[in-house]
Number of protein chains: 2
Amino acid sequence: MKIAFLLYPHVTQLDLTGPAQVFAASGAELFFAWKDLAPVRTDATLELVPNATFETCPRVDLLCVPGGPGQVRLMSDPLVLRWLADQGQQARWVTSVCSGSLLLGAAGLLKGYRAASHWNYREHLAAFGALADDGRVVHDRNRVTGGGVTAGIDMALRVLALTAGDAEAQQVQLQLEYAPQPPFNCGRPELAGEGLVALARARLARQVAAISASA
Amino acid sequence: MKIAFLLYPHVTQLDLTGPAQVFAASGAELFFAWKDLAPVRTDATLELVPNATFETCPRVDLLCVPGGPGQVRLMSDPLVLRWLADQGQQARWVTSVCSGSLLLGAAGLLKGYRAASHWNYREHLAAFGALADDGRVVHDRNRVTGGGVTAGIDMALRVLALTAGDAEAQQVQLQLEYAPQPPFNCGRPELAGEGLVALARARLARQVAAISASA
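First things first, this report covers the structure right here in the doc. (Residues numbered from 1 in each chain as written. Chains lettered and ligands numbered in written order. Predicted model: local features only at pLDDT ≥ 70, side-chain atom pairs only at ≥ 80, totals over all residues. Heavy atoms only, no water.)

1. A closer look at the overall build of chain A
At step 1: When helices and strands are tallied, chain A shows seven helices and 11 strands.
At step 2: In terms of C-alpha radius of gyration, chain A reaches 16 Å, essentially the compact-globule figure of 17 Å for 215 residues.
At step 3: For chain A, the spread of C-alpha atoms along the three principal axes comes to 45 × 40 × 35 Å.
At step 4: Looking at chain A residue by residue over its 215 residues, the buried ones come to 62%.
At step 5: For chain A, the computed accessible surface area is about 7,400 Å², with 51% contributed by carbon and sulfur atoms. (Helix = DSSP H or I, 4+ residues; strand = E, 2+ residues; numbered from the N terminus. Rg over C-alpha atoms; globule rule 2.2 N^0.38 Å. Buried < 20%, exposed > 50% of the residue type's maximum accessible area, 1.4 Å probe, protein only. Areas by Shrake-Rupley, 256 points an atom, 1.4 Å probe, with all protein chains shown as cover.)

2. Focus on the sheet that holds strand S7 (residues 93-96) of chain A
Strand pairs in the sheet, formed through backbone hydrogen bonds, run parallel or antiparallel to each other.
Residues and elements named next belong to chain A.
At step 1: With mixed pairing, seven strands are arranged side by side in an open sheet as S5-S2-S1-S6-S7-S11-S10. Unpaired on one side and paired on the other, strand S5 (52-53) and strand S10 (137-140) mark the two borders of the sheet.
At step 2: Sheet topology places strand S1 (residues 2-6) next to strand S6 (residues 62-65); three bridges connect them, and they run parallel. Pairing of isoleucine 3 across the sheet is with leucine 62, part of S6.
At step 3: Across the sheet, helix H1 (residues 13-25) lies against S1, strand S2 (29-34) and S6, angled at about 170 degrees from S1, the strand it touches most. (Pairing = 2+ DSSP bridges. Contact = heavy atoms within 4.5 Å. Axes fitted to C-alpha atoms, helices over the stretch in contact; angles between N-to-C directions.)

3. Observations concerning the packing of helix H4 (residues 151-164) of chain B against helix H5 (residues 166-175) of chain B
All names here are of chain B.
At step 1: Running from amino to carboxyl end, H4 crosses H5 at an angle of 145 degrees, the nearest separation of the two axes being 6 Å. Residues Leu157, Leu160, Ala161 and Ala164 of H4 form the contact with H5, whose own contacting residues are Asp166, Glu168, Ala169, Val172 and Gln173.
At step 2: Split by residue class, the contact of H4 with H5 holds six nonpolar, one polar and two charged. (Nonpolar A, V, L, I, M, F, W, Y, C, P; charged D, E, K, R; others polar.)

4. Regarding the environment of Ala205(B)
Residues and elements named next belong to chain B.
At step 1: By secondary structure assignment, the location of alanine 205 is in helix H7 (residues 194-214).
At step 2: Assessed through its relative accessible area of 46%, alanine 205 is described here as partly exposed.
At step 3: Measuring from C-alpha to C-alpha, the distance between alanine 205 and asparagine 120 comes to 9.7 Å, with 85 residues separating the pair along the chain.

5. Considerations on the nonpolar core
At step 1: Ranked by size, the top nonpolar core spans 153 residues in total, and within it Leu6(A), Phe23(A), Leu84(A), Leu6(B), Phe23(B) and Leu84(B) carry the most contacts.
At step 2: Excluding anything up to four places from it in sequence, Leu6(B) contacts Leu16(B), Ala33(B), Trp34(B), Phe54(B), Cys64(B), Val65(B), Pro66(B), Leu74(B), Val80(B), Trp83(B), Leu84(B) and Leu103(B). (Core = buried A, V, L, I, M, F, W, Y, C linked by side-chain atoms within 4.5 Å.)

6. Topic: the interface of chain B and chain A
In many reports, interface size means the accessible area that the parts give up when they come together.
At step 1: The partner chain A presents 68 residues to the 68 residues of chain B that form the contact.
At step 2: A buried area of about 5,700 Å², summed over both sides, lies between chain B and chain A, and 61% of it is on carbon and sulfur atoms.
At step 3: On the chain B side of the contact with chain A, Leu174(B), Glu177(B) and Arg203(B) bury the most area, a combined 14% of that side's loss.
At step 4: For Arg188(A), the salt bridge is made with Glu177(B), and the minimal N-O distance between the two is 4.0 Å. (Buried area = accessible area lost by both parts, 1.4 Å probe. Salt bridge = Lys/Arg side-chain N within 4 Å of Asp/Glu carboxyl O.)

7. Some points on the sheet that holds strand S4 (residues 47-49) of chain B
At step 1: Read from one edge of the open sheet, four strands run S3(A)-S4(A)-S4(B)-S3(B), paired in antiparallel fashion. Of all the strands in the sheet, the pair left with one neighbour each is strand S3 (40-41) of chain A together with strand S3 (40-41) of chain B.
At step 2: As paired elements, S3(A) and strand S4 (residues 47-49) of chain A share two bridges and run antiparallel to each other. Within S4(A), the residue paired with Arg41(A) across the bridge is Glu47(A).

8. Structural notes on the packing of aromatic side chains
At step 1: With the rule as written, the count across this model stands at six aromatic pairs over all chains.
At step 2: Both rings, one in Phe5(B) and one in Phe32(B), keep their centres 5.4 Å apart while their planes meet at 20 degrees; by these two values the pair is stacked. Within this pair, whereas Phe5(B) is found in strand S1 (residues 2-6), its partner Phe32(B) is found in strand S2 (residues 29-34), the two being separated by 27 residues in sequence.
At step 3: Given the relative accessible area of 0%, Phe5(B) is considered buried.
At step 4: Given a relative accessible area of 1%, Phe32(B) falls into the buried group.
At step 5: Counting every residue linked through ring pairs, the aromatic cluster contains Trp34(A), Phe54(A) and Trp83(A).
At step 6: Arg141(A) extends its terminal NZ or CZ atom over the ring of Tyr113(A), reaching a point 4.1 Å from the ring centre. (Phe/Tyr/Trp six-rings, centres within 6.5 Å; stacked < 30°, edge-to-face > 60°. Lys NZ or Arg CZ within 6 Å of the ring centre and 35° of its normal.)

9. Some words on the pairing of S2(B)
Residues and elements named next belong to chain B.
At step 1: Counting buried positions along S2 yields five of six residues, so the element is predominantly enclosed.
At step 2: As defined by bridge partners, S1 adjoins S2 across five bridges and the pair is classed as parallel. Directly across from isoleucine 3, in S2, lies its bridge partner leucine 30.
At step 3: Once you follow S1 into helix H1 (residues 13-25) and on to S2, the crossover reads as right-handed.
At step 4: By the bridge criterion, two bridges tie S2 to strand S5 (residues 52-53) in an arrangement that is parallel. When the bridges of S5 are listed, tryptophan 34 appears paired with threonine 53. (Right-handed = clockwise from strand over helix to strand, strands pointing away.)

10. Section: the relation of the copies chain B and chain A
At step 1: Superposition of chain B onto chain A requires a rotation of 180 degrees combined with a translation of 0.0 Å along the rotation axis, giving an RMSD of 0.0 Å. Seen this way, the second copy is the image of the first under a two-fold rotation axis. No C-alpha of chain B approaches the rotation axis more nearly than that of Leu48(B), which lies at 2.4 Å. (Least-squares fit on C-alpha atoms with pLDDT ≥ 70 in both.)

11. Overview of the side chain of Gln87(B)
Residues and elements named next belong to chain B.
At step 1: Inspection of the secondary structure puts glutamine 87 in helix H2 (residues 78-90).
At step 2: Taking relative accessible area as the criterion, glutamine 87 reaches 3% and is therefore assigned buried.
At step 3: Apart from the residues within four sequence positions on either side, glutamine 87 is in contact with Cys57, Pro58, Arg59, Val60 and Leu63.

Listed below in structure tokens is the structure:
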């Protein structure tokens, strides 16, 4: 199975690296595509290296679009949206993590589909004709979208179960020792309380503002 | 807070990228250190770029050692073990993910400490004078070690709670929407059953053998 990830400056790296680990563990061929091959700085300092450009990336079986503060620069970038639309229209599976679903939406790939997104950005899905769904992983026909950041791991395991069968997904889940024990019970706004949500919203807004200002 | 990750060829990238996302979200300064600055290929195809060498990396507050098939080449590498020992002896916190705890052990940093590891490698901890513990996150004095791969996220959030307080760790957990919903209940060998464990062990052995053969 050939899989392409959109890899762009200030992507939230775990949006990409979580699913990449799941799919790699199952032997998929992974393409990390951007406009050029220079290392790309993520939101976590760490630089990732594209191994394909939009021109050299082959047609893939599965497209995965991660979110992140850097995507504010891409929402009307014709090169990016054209590549997403082109890959997405022919791929067997179209997936996203976090606010990456808004990029799928901007590329015209979510009209009439139910979709997930990071809790702080979910409301924007409607602008693209998508039906916002608060599920952690939302599967509608060949679209499988995940909620915020860490939901990419759950999303990828679900997709692996759909494409390679439950036994393969279970083997990968065991290999990655995915039996999570979060230290707190606050990973969604309805669990976290208003004070924590307000603080997290403010921090996320500062991230996006910093990227917008530097554009 | 300054944090250094050991970044080496054929590291399991999620061992590193999970905690890196957690610590970055809290504003830590991250160093990804290796012998040189050339891009490093991980076990998931993806290349990560070191931003420090062993010479240029400053003394850090927290050391984090990820595991992965490539570590078989490092278990008696004097440059690597000396850097780990040097950083580990002065750091306020010494941490690992997955089989990275065996590297901590080889560097002499776990003698008399309880420690976690990936379920498939845990038994080797005793050879380094460590006390193998099957916890997902094991905290013994200033050592905090995680189980396999995805346990790095739980480990980092626990460390963040210890170093920056519960409120900060909770905010990061919410920001990363960490309310996991694994698709199966098989992320540990005692949950998975013998057949699945045998398959996963065989696949992991093939990974390590491939790395050893190419060394």
